Amino acid sequence: MQTPSLAAHVVMFGRPGSGKSSLAERLGTEHGYTLIRTGELLREAVRRHDPLGAQVERQIKSGALVPDALIEQLLVQSLQAPGTERWIFDGFPRTMGQVPMLEKFERALNFRVDRYVDISISHAAAVTRMVGRRVCPVCGATYHIVNKPPKIAETCDTDGARLEQRPDDSPGVIEMRQRVYDDHGLPILDYYRTHAPDRFRSVNGEQTFGAVYADLLRVLGQPAR
Ligand code: AMP
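Residues numbered from 1 in each chain as written. Predicted model: local features only at pLDDT ≥ 70, side-chain atom pairs only at ≥ 80, totals over all residues. Heavy atoms only, no water.

> Is there a simple way to explain the pattern of salt bridges in this structure?
Opposite charge on two side chains lets them pair, provided their charged atoms get close. Evaluation of the coordinates by the stated rule reveals 16 salt bridges. Salt bridges sharing partners connect three or more residues here, namely K20, E25, R37, D90 and K148. (Salt bridge = Lys/Arg side-chain N within 4 Å of Asp/Glu carboxyl O.)

Below is the structure:
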């Protein structure tokens, strides 16, 4: 379904565990957004064992960020001009160095980001959520043992595969990823809050999934029903 009033080109921010990727998935299914997820593109490159995958595997497993130059290389390979298509960037930009990269893509591919949305949640709440996160190794769908359980425990609803914990959802790595977000993610939010206040929105991510999703639709421009 394409709801005409929704923002077309969206960048979603949120610390690991904020629910950002599940929300983006639902927007994709219900409102026809194509998801551009740098984390998923990187994991695919690792699975394919291509040269870029080999370079980034160690960083992803440790929870550290992949160098900006490799992210640019990855996106140049993956991005096409969006035209009127709906897009969500999930996981990019992740450092201040990637902010001008996005601006470069906007110019080169002739589109404009309509909304920068922050799914706001505390460091402590994010850690609790990440411990319960599960992912399908076959299709990449994400679940949560409390907030978004599969129909059958530990089993993917779509393809019946046994769900796994991502290696970077182990306790030490979770803490590391939260610190990375504090250091690199928060300055990006400050940047857009200051430089694009008319396009920046923050949503309270510490509500139920359904309530966060409803707020998200509102800030993307769909009037409340
Ligand atoms: P995600 O699935 O978005 O949580 O990303 C998983 C991992 O991929 C991160 O912990 C980083 O190691 C890496 N990653 C994803 N997106 C980026 C990015 N834009 N810049 C640098 N590293 C990234």
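> It is not clear to me how the site of the ligand should be interpreted in this structure. Could you clarify?
Neighbouring the ligand are 15 residues, the closest being T38, A64, G91, Q98 and R177. R94 places a polar side-chain atom, nitrogen or oxygen, 2.9 Å from an oxygen atom of the ligand. For the ligand, whose accessible area on its own is 480 Å², the fraction buried by protein is 95%. Ranked by the residues each element gives to the shell around the ligand, the list is headed by helix α2 (residues 38–48), at four residues. Classifying every residue of the shell around the ligand gives six nonpolar, four polar and five charged. (Near = heavy atom within 4 Å. Polar contact = N/O pair within 3.5 Å; in protein donor to acceptor, adjacent residues only side chain to side chain. Areas by Shrake-Rupley, 256 points an atom, 1.4 Å probe, with all protein chains shown as cover. Helix = DSSP H or I, 4+ residues; strand = E, 2+ residues; numbered from the N terminus. Nonpolar A, V, L, I, M, F, W, Y, C, P; charged D, E, K, R; others polar.)

> In this structure, what is going on with helix α1 (residues 20–31)? I would like to understand it.
Its 12 residues place the ends of α1 16 Å apart at the C-alpha level, agreeing with the 16 Å of an ideal helix rising 1.5 Å per residue. Where α1 is buried, its residues contact β1 (9–14), β2 (34–37), β3 (87–90), β4 (115–120), β6 (142–144) and α8 (209–219). Looking one or two residues past α1, G32 carries a phi angle of roughly 70°, positive in sign. (Expected span 1.5 Å × (residues − 1). Contact = heavy atoms within 4.5 Å.)

> What's the story with the environment of I152 in this structure? I'm lost.
By secondary structure assignment, the location of I152 is in the loop between β6 and α7 (171–195). The spacing of I152 and G210 is 58 residues in sequence and 21 Å in space, taken between C-alpha atoms.

> So what exactly am I meant to see when it comes to the packing of aromatic side chains here?
Any aromatic ring pair is given by two values, namely how distant the centres are and how the planes are angled relative to each other. Taken as a whole and assessed by the stated rule, the structure comprises eight aromatic pairs. Ring pairing ties together the aromatic residues W87, F89, F92, F105 and F111, which thus form one cluster. Stacked on the ring of Y33, the Lys or Arg R86 has its end atom at 5.5 Å from the ring centre. Here the guanidinium or amino end of K148 rests over the ring plane of Y143, the centre of that ring lying 5.8 Å away. (Phe/Tyr/Trp six-rings, centres within 6.5 Å; stacked < 30°, edge-to-face > 60°. Lys NZ or Arg CZ within 6 Å of the ring centre and 35° of its normal.)

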